[in-house]
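Next come the chains, spelled out residue by residue.
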Amino acid sequence: MRYITIALAKGRLTELSIALLEGAGLDCSELKENSRKLILSDEKNKVRFFLAKPADVPVYVEYGAADIGIVGKDTLLEEGRDLYEVLNLGFAKCRMCVAGPKELEGKMDSITITRVATKYPEIARTYFRHKRRESVEIIKLSGSVELAPLVGLSEVIVDLVETGRTLKENGLVVLDTIADISARMVVNRVSMKMENERIRKLIDAIRAQLKE
Amino acid sequence: MKRWSIYTPEGVQDILFDQCRIKRKLEAGLRKLFTSYGYIEMETPTIEFYDAFGGEMGLIRQESMYKFCDAKGRLLVLRPDLTIPIARVVATKVREESLPLKCCYIGNTFCFDELGGGKQNEFTQAGVEILGIHSPEADAEVIAMAVKAVKSCGLEDFQIDIGQVNFFKGIMEKTGLSAEEVEQVRELIDRKDFVAVEQVMNRHEVSDDLKALILDLPRLFGNKDILAGISRDPIGEKASAALDYLQKVLDILEDRGMSRYVSVDLGMVQSLNYYTGIVFRGYTYGVGFPILSGGRYDGLVSKFGKDCPATGFSMGINMIMMALERQNRIDNGGCQGILITYEEGGRKFADAYCEKVVAEGGIAELDIGMGGLEACLKYARAKGLEKVVLFRADGSFEAFERSAGL
């Protein structure tokens, strides 16, 4: 039997992803040990796992280097890869938002926004181009995006909002919601066909846990 | 200034030695296969007018074509596809009596932005088209050719999924959704995004059984029993006729011994503006992308001014090579042939022997002044030749075999 390879996003999604896979009957004990091995396996079920940076998970899955991936919808939107998105796992919920200073609240349609700071340039570009029909300058940052409007780098930001606390503490408010975000299970298009039975079984086992 | 002279541009590559030999062998095998089943080969230009693909045609995205201008300022492209040029030829240069026309092609196509996963910006496609006939037999014929083509390349573990876009179109007509909404649902089903399909459907007034069927679409793939499981009452005439047509194609393929390679996917709904009936894609292990795709495109030829039904498929040779490599099915036969060298006065005999070997269908090369036997043996070893033959002035010769360590 061929190995089925699962790519997991390293970080806040990892633990909950492992719990779901264990609930589906996979042996993740090797995965939970703090080992330095890059690829871990469940020999009985012929499944291999590896952890990757979230942004890389859709890439591995698209190329077929991994058959299945578990990753946030934010990463999927940003990477725009050609994949099957088969399950909404429901955890790691938050929203992708446009945020800015309180003065802009309710004025999104009357002002011209020229600069947008974000860690998600593709999401920001698509939103402003298609939904708002505006050409804006996208400034790509790597972290603490909330800083940008405070120091005059941009008028607004596009970022993930979970509780809104960071925004509030810095005098920023949500101006518009772009998308609801949560963890998703994705499958390579070819794997879904060639390993249909095994992958479908896994999907069903995980879906059953979500309904509980 | 940086010198680029020693590099090749991104997305194009040199295909050398063994790789080139293997590629040519695959191409030769496919050409032989297609022509043996009565397909006539066509060659269309590498450069075409942009208008044949983009602009009002709306067939290929502007961003994905290599563009430049001719002397009159008209926009040209490196062909992004081989089917569209054939549609142009059939609409403009083929007389009515010549239809139905079965043709085939092997050639390079160019795509500007598809990098990654073994996808190159220049890649070789091979395929067949049947123009001028609308019949389940013709659709089954191109699928059968696709199966034969993959097998002729040496792959055994592969699968061809067959769908029918009119099934989706028919159901969508029954729902009364707007064209924009239909396109949205199509994208979601194509991504097998079960969650979002449900969200969209819940926003609309659609009968329950129809809604249940649409929600099920991303899951409707597998063996052909799926067709029997679909209730015909809610889906309407168009979708029902689409299923009957698909059933006929599957029956023909069964009679032609193709059942083990084909399965059904009713959720296959790619690019509806191009395909008008049966659609299919081929998959195998080791590559994350389809190795071939095809289907019926009855509306394409008319875009060039003549109504003409058509069906066909094209296969990515580079993808096939990657699959062969990943599945360890590459035949590494090495270089064949012998090298013939000579001492002073032996040239006449060496040349005569070389001509004789070649005339008998073998591969032989004559020493080109390599500088003695040692140099010849070294060359033969590096190239993997079978033997070196040394001719003397009196016409006698000595052979150094690869099996004897050369």
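None of these values were measured; they are calculated from a predicted model.

So, how was this worked out
- Residues numbered from 1 in each chain as written.
- Chains lettered and ligands numbered in written order.
- Predicted model: local features only at pLDDT ≥ 70, side-chain atom pairs only at ≥ 80, totals over all residues.
- Heavy atoms only, no water.
- Helix = DSSP H or I, 4+ residues; strand = E, 2+ residues; numbered from the N terminus.
- Buried < 20%, exposed > 50% of the residue type's maximum accessible area, 1.4 Å probe, protein only.
- Contact = heavy atoms within 4.5 Å.
- Pairing = 2+ DSSP bridges.
- Axes fitted to C-alpha atoms, helices over the stretch in contact; angles between N-to-C directions.
- Core = buried A, V, L, I, M, F, W, Y, C linked by side-chain atoms within 4.5 Å.
- Salt bridge = Lys/Arg side-chain N within 4 Å of Asp/Glu carboxyl O.
- Phe/Tyr/Trp six-rings, centres within 6.5 Å; stacked < 30°, edge-to-face > 60°.
- Buried area = accessible area lost by both parts, 1.4 Å probe.
- Polar contact = N/O pair within 3.5 Å; in protein donor to acceptor, adjacent residues only side chain to side chain.
- Parallel < 35°, antiparallel > 145°, perpendicular 65-115°, else oblique.
- Left-handed = near helix turned anticlockwise from the far one by under 90°.
- Nonpolar A, V, L, I, M, F, W, Y, C, P; charged D, E, K, R; others polar.

*Asks:* Could you give an account of the overall build of chain B, with specific residues and numbers?
*Replies:* Counting secondary structure elements, chain B contains 12 helices and 16 strands. Reported as C-alpha extents along the three principal axes, the dimensions of chain B are approximately 95 × 55 × 50 Å. Here chain B holds 406 residues, and 51% of them are scored as buried. Once local pairs closer than 6 in sequence are excluded, the contacts in chain B between residues at least 24 apart make up 69%.

*Asks:* Account for the sheet that holds strand β2 (residues 47-49) of chain B, with residues named and values stated.
*Replies:* All names here are of chain B. Pairing is antiparallel across the open sheet formed by 3 strands, whose spatial order is β2-β4-β3. On the outer flanks of this sheet lie β2 and β3 (67-69), each paired with one strand and no other. Adjacent strand axes in the sheet meet at a mean angle of 40 degrees when their direction is disregarded. In this sheet, strand β4 (residues 75-78) lies alongside β2 in antiparallel orientation, the contact comprising 3 bridges. Within the sheet, the bridge partner assigned to I47 lies in β4 and is L78.

*Asks:* How would you explain the nonpolar core if you had to name every residue and give the values?
*Replies:* One finds F34(B), I160(B), I162(B), F167(B), L266(B), F280(B) and F313(B) to be the most contacted residues of the largest nonpolar core, which totals 80 residues. No other element matches the 10 residues that helix α3 (residues 136-152) of chain B contributes to this core. If we skip the residues at most four places from it in the chain, F34(B) touches Y39(B), C104(B), A126(B), G127(B), V128(B), M145(B), A149(B) and F313(B). Membership of the second largest hydrophobic core comes to 43 residues, among which are A7(A), V47(A), V57(A) and L76(A).

*Asks:* Which residues make up the pattern of salt bridges, and what values do they have?
*Replies:* Inspection of every chain in the model, using the stated rule, returns 39 salt bridges over all chains. A salt bridge links D298(B) to R296(B); the shortest N-O distance between them is 2.8 Å. Of the residues examined, D298(B) reaches a relative accessible area of 21% and is grouped as partly exposed. The class of R296(B) is buried, set by a relative accessible area of 1%. Look at the salt bridges and you will find they share partners, linking R2(A), D67(A), E195(A) and R198(A) into a network.

*Asks:* Tell me what's going on with the pairing of strand β10 (residues 278-284) of chain B, and back it up with residues and numbers.
*Replies:* The two faces of the sheet receive side chains in turn, since in a regular strand these alternate between them. Residues and elements named next belong to chain B. With respect to burial, β10 is a largely interior element, 7 of its 7 residues being buried. Burial of the side chains of β10 extends over both faces: I278, F280, G282 and T284 are buried on one face and V279, R281 and Y283 on the other. The pairing of strand β7 (residues 158-164) with β10 spans 7 bridges and is classified as antiparallel. Each residue of the ladder has a partner; that of Q159, found in β10, is Y283. Relative to strand β11 (residues 292-296), β10 runs antiparallel, the two sharing 4 bridges. Each residue of the ladder has a partner; that of G282, found in β11, is L292.

*Asks:* Tell me about the environment of K73(A), residues and numbers included.
*Replies:* Here K73(A) is to be found in helix α4 (residues 73-79). Look at K73(A) and you get buried, because its relative accessible area is 11%. Separated by 134 residues in sequence, K73(A) and R207(A) place their C-alpha atoms 17 Å apart. Ignoring anything within four residues of it in the chain, the contact list for K73(A) reads E85(A), D180(A), I181(A), S182(A), R184(A), R191(B) and D193(B).

*Asks:* Tell me about the packing of aromatic side chains, and name the residues and values.
*Replies:* The geometry of two aromatic rings is summed up by the distance between their centres and the angle between their planes. All names here are of chain B. Here the structure, examined in full by the defined rule, presents 12 aromatic pairs over all chains. A centroid spacing of 4.7 Å and a plane angle of 10 degrees characterise the contact between F158 and Y261, whose relative ring orientation is stacked. Taken as a pair, F158 in strand β7 and Y261 in the loop between α9 (236-255) and β9 (262-265) lie far apart in primary sequence, 103 residues in all. Its relative accessible area of 7% is what places F158 among the buried residues. Taking the centre distance of 5.8 Å and the plane angle of 40 degrees together, the rings of Y274 and Y297 count as tilted.

*Asks:* Tell me about the interface of chain A and chain B, and name the residues and values.
*Replies:* Contacts between the two partners involve 21 residues from chain A, matched on the other side by 24 residues from chain B. Summed over both sides, the interface of chain A with chain B buries roughly 2000 Å², with 54% coming from carbon and sulfur. Applying the counting rule to chain A against chain B returns 3 salt bridges. Connecting chain A to chain B are 5 residue pairs in polar contact (both at pLDDT 80 or more).

*Asks:* An account of the packing of helix α5 (residues 179-190) of chain B against helix α6 (residues 194-202) of chain B is requested, with residue identities and associated values reported.
*Replies:* All names here are of chain B. Interhelical geometry of α5 versus α6 gives an angle of 155 degrees and a closest axis separation of 8 Å. Classed by the angle they form, the pair α5 and α6 counts as roughly antiparallel. Crossing of α5 over α6 shows left-handed handedness. Within the contact between the two elements, α5 uses Q184, V185, L188 and I189 and α6 uses A196, V197 and V200. Split by residue class, the contact of α5 with α6 holds 6 nonpolar, 1 polar and no charged.

These values are about where atoms sit, not about what they do.
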